[in-house]
Amino acid sequence: MKHLLLLLPVLFCLLLAGCVGTKPIDASATKETKALYHNLGKLSEDHTLFGHQHATEYGHGWRGDEDRSDVKSVTGSHPAVIGVDFSGFSGRSPEAIQRAKEEVRKNVVDTYNRGGVTTVAWHFSNPVSGGGFSWVDTVSLPGVRYIIPGGEAHEQYKEILNGIGEWAHSVRGADGKLAPVIFRPFHEFDGDWFWWGKGHTSREEFISLWRFTVSYLRDSLDVHNFIYAFSPDNRFRNEAEFLERYPGDEWVDMVGMDNYGDMGRDRYAVDTAAAKLKIVSDYAKKAGKLAAFTETGLESIPDTTWWTNTLLRTMKRDGMRLAYVLVWRNDTRSPTHYYAPFPGQVSVPNFMKFYNDPYVLFEKDLNNIYKRNKFLGIF
């Protein structure tokens, strides 16, 4: 019944030719990347894909099991969007970097072969100081000024991007095509907790970093299977604040927001969260971009109605168009650090209501998302 309900608006949209028709900033993007971008835009008129970070790599009490995710164990389907990370692509030994690249490559290819979607975060280890990706007052240096054009570590940064470019050319699916990914670098840049954050770099430096990163990958390294996503945290209150470090429409495919604080971590503020998300969605509509709720969640999910009363209520407000929503990871060892339910977790009954809502799409609901002409959106 869910699938029949989902099919009606998609067919209606196709008949009236009224679906969103957007295209990525890369004119040379692969056919599959252009199709994904277009189809996410169409789907966002009536639906939002559900995503989970590191969903198929590990979960609550397990790691590395084939074709497993905590979400699938609960619902029978993987999330529609799987989050991975480039964190292991630098700041380690060459052997460790190669292992990380292979692990992420396999994950992305497996997701593509199943018909799911991948989004890539980048917890980028500071290339000029200690502290990892976090800002640590005692050791961290403001790395952005060092790695942008003209900076003393710029060539080092290009080498790191060379490694990402090489990886991007390796993610070929069973059909021989390159798997598209949504690349979301330098997220939550409006906070101070990362070395690329607002307190450690100027607006001009951040924009220079973004533009160079996109240009070098796309124009110098011929990476044509990336969709570029811009996502601050939730510290903005209006469009001007949201766009304060925006690099320009020609440099961004997707706009998003990370928001944990308004979703139960600091307070329950559905109206506030929805108002901020509407700013994102409205700008995407105006600029011809995709929009997404790029990170959210409630750690340990103690609220047994969070999925429908908080998350779904927030997303369904005001006719917003959101390509996907992604909740954070389920740690393997921690008894409390998880954001998606697993069998027996207290929010499972409510999550099943969320799963069965026609607005929300999981991997089983997708059909030909990488083929524009054959796409129907759902099974």
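Located above this text is the structure these notes cover.
Read on for a plain summary of the structure. (Residues numbered from 1 in each chain as written. Predicted model: local features only at pLDDT ≥ 70, side-chain atom pairs only at ≥ 80, totals over all residues. Heavy atoms only, no water.)

**Quick look at helix α6 (residues 154–168)**
Under the convention used in this document: The helix count covers DSSP runs of H or I at least four residues long, the strand count covers runs of E at least two residues long, and both are numbered beginning at the N terminus. To estimate how far a helix should reach, multiply one less than its number of residues by 1.5 Å. When a residue's accessible area, from a 1.4 Å probe over protein chains only, is under 20% of the maximum for its type it is buried; when over 50% it is exposed; and in between it is partly exposed. The contact criterion used throughout is that any non-hydrogen atoms of two residues lie within 4.5 Å.
Between its terminal C-alpha atoms α6 stretches 21 Å, which fits the 21 Å expected from 15 residues at 1.5 Å a residue. Looking only at α6, the buried set comprises His-154, Tyr-157, Ile-160, Leu-161, Gly-163, Ile-164, Gly-165, Trp-167 and Ala-168. Among the structural elements, α4 (94–114), α5 (143–147), β6 (181–184), α7 (203–220) and β7 (226–230) are those in contact with the buried residues of α6.

**Let's talk about helix α10 (residues 306–315)**
Counting buried positions along α10 yields 8 of 10 residues, so the element is predominantly enclosed. Of all the positions in α10, only Trp-306, Trp-307, Thr-308, Thr-310, Leu-311, Leu-312, Thr-314 and Met-315 are classed as buried. Each element contacted by the buried residues of α10 is listed here: β1 (48–53), α9 (270–287), β9 (290–296), β10 (324–327), α11 (348–356) and β11 (360–361).

**Section: the pairing of strand β8 (residues 254–258)**
As a reminder of what qualifies: Two strands qualify as a pair provided that DSSP identifies no fewer than 2 bridges between them. For crossovers, right-handed means that the path from the first strand over the helix to the second runs clockwise, given strands pointing away from the viewer.
A large share of β8 lies buried, amounting to 5 of its 5 residues. Side chains Met-254, Gly-256 and Asp-258 project from β8 onto one buried face, and the interleaved Val-255 and Met-257 project onto a second face that is buried too. Here β7 runs beside β8; their pairing, made up of 2 bridges, is parallel. Within β8, the residue paired with Phe-230 across the bridge is Val-255. With 4 bridges joining them, β8 and β9 adopt parallel strand pairing. Counterpart to Gly-256 in the pairing with β9 is Ala-292. For the crossover that starts at β8, traverses α9 and ends in the parallel β9, the hand is right-handed.

**A few points about the pattern of salt bridges**
Basically, it comes down to this: The salt bridge definition used is simple: a Lys or Arg side-chain nitrogen within 4 Å of an Asp or Glu carboxyl oxygen.
Following the criterion strictly, the structure yields 24 salt bridges and no others. A salt bridge links Asp-110 to Lys-106; the nearest nitrogen and oxygen atoms lie 2.7 Å apart. A residue pair is termed a helical-turn pair when its members lie 3 or 4 positions apart in one helix, as Asp-110 and Lys-106 do in helix α4 at 4 residues. Using a relative accessible area of 36% as the deciding quantity, one classes Lys-106 as partly exposed.

**Topic: the packing of α6 against α7**
The following threshold applies: The convention used is that axes are lines fitted to C-alpha atoms, helices contributing only their stretch in contact, and that angles between N-to-C directions extend from 0 to 180 degrees. In these notes the angle categories are as follows: under 35 degrees is roughly parallel, over 145 is roughly antiparallel, 65 to 115 is roughly perpendicular, and the rest is oblique. In this scheme the crossing of two helices becomes right-handed for a clockwise turn of the near helix relative to the far one and left-handed for an anticlockwise turn of less than a right angle. When residues are grouped by polarity, Ala, Val, Leu, Ile, Met, Phe, Trp, Tyr, Cys and Pro land in nonpolar, Asp, Glu, Lys and Arg in charged, and all others, Gly among them, in polar.
For the pair α6 and α7, the least separation of the axes is 10 Å and the interaxial angle reads 45°. Taken as axis vectors, α6 and α7 run oblique relative to one another. Relative to α7, the crossing made by α6 is right-handed. Touching His-154, Tyr-157, Lys-158, Leu-161, Asn-162, Ile-164 and Gly-165 of α6 are Leu-209, Phe-212, Thr-213, Tyr-216 and Leu-217, all from α7. Tallied by class, the residues present in the contact of α6 with α7 amount to 7 nonpolar, 4 polar and 1 charged.

**What to know about the nonpolar core**
For clarity, the threshold we go by: Among buried residues, the Ala, Val, Leu, Ile, Met, Phe, Trp, Tyr and Cys ones that are joined through side-chain atoms within 4.5 Å form a nonpolar core.
Counting 109 residues, the largest nonpolar core has Leu-49 and Phe-226 as the members making the most contacts within it. Phe-226 has contacts with Thr-33, Phe-86, Ile-164, Trp-167, Ala-168, Val-181, Phe-183, Leu-217 and Asp-253, leaving out every residue within four places of it along the chain.

**Structural notes on the packing of α10 against α11**
Running from N to C, α10 and α11 cross one another at 35°; their axes reach a closest spacing of 8 Å. Only Asn-350, Phe-351, Lys-353 and Phe-354 of α11 make contact with α10, whose side of the interface consists of Trp-306, Trp-307, Thr-308, Leu-311, Leu-312 and Met-315. Of the residues that constitute the contact of α10 with α11, the class distribution is 7 nonpolar, 2 polar and 1 charged.

**So, unusual backbone geometry**
Peptide bonds are, in most cases, trans, and in most cases residues other than glycine have a negative phi. Despite not being glycine, His-54 has its phi angle at roughly 55°, a positive value. When you line up the elements, His-54 lands in the loop between β1 and β2 (58–59). Using a relative accessible area of 10% as the deciding quantity, one classes His-54 as buried. Notably, Asn-368 is not glycine yet its phi reads approximately 55°, a positive angle. Positionally, Asn-368 belongs in the segment after β11. With a relative accessible area of 32%, Asn-368 lands in the partly exposed category.

**Observations regarding the pairing of strand β4 (residues 81–85)**
Judged by how many residues are buried, β4 sits mostly within the fold: 5 of 5 residues are covered. Burial of β4 is two-sided: the residues Val-81, Gly-83 and Asp-85 facing one way and the residues Ile-82 and Val-84 facing the other way are all buried. As paired strands, β1 and β4 are joined by 3 bridges and run parallel to one another. For Gly-51, the partnering residue across the bridge sits in β4 and is Val-81. Summarising the sheet, β4 and strand β5 (residues 117–121) pair through 5 bridges and their orientation is parallel. Across the sheet, the residue bridging to Ile-82 is Thr-118, located in β5. The parallel pair β4 and β5 is bridged by α4, and the resulting crossover is right-handed.

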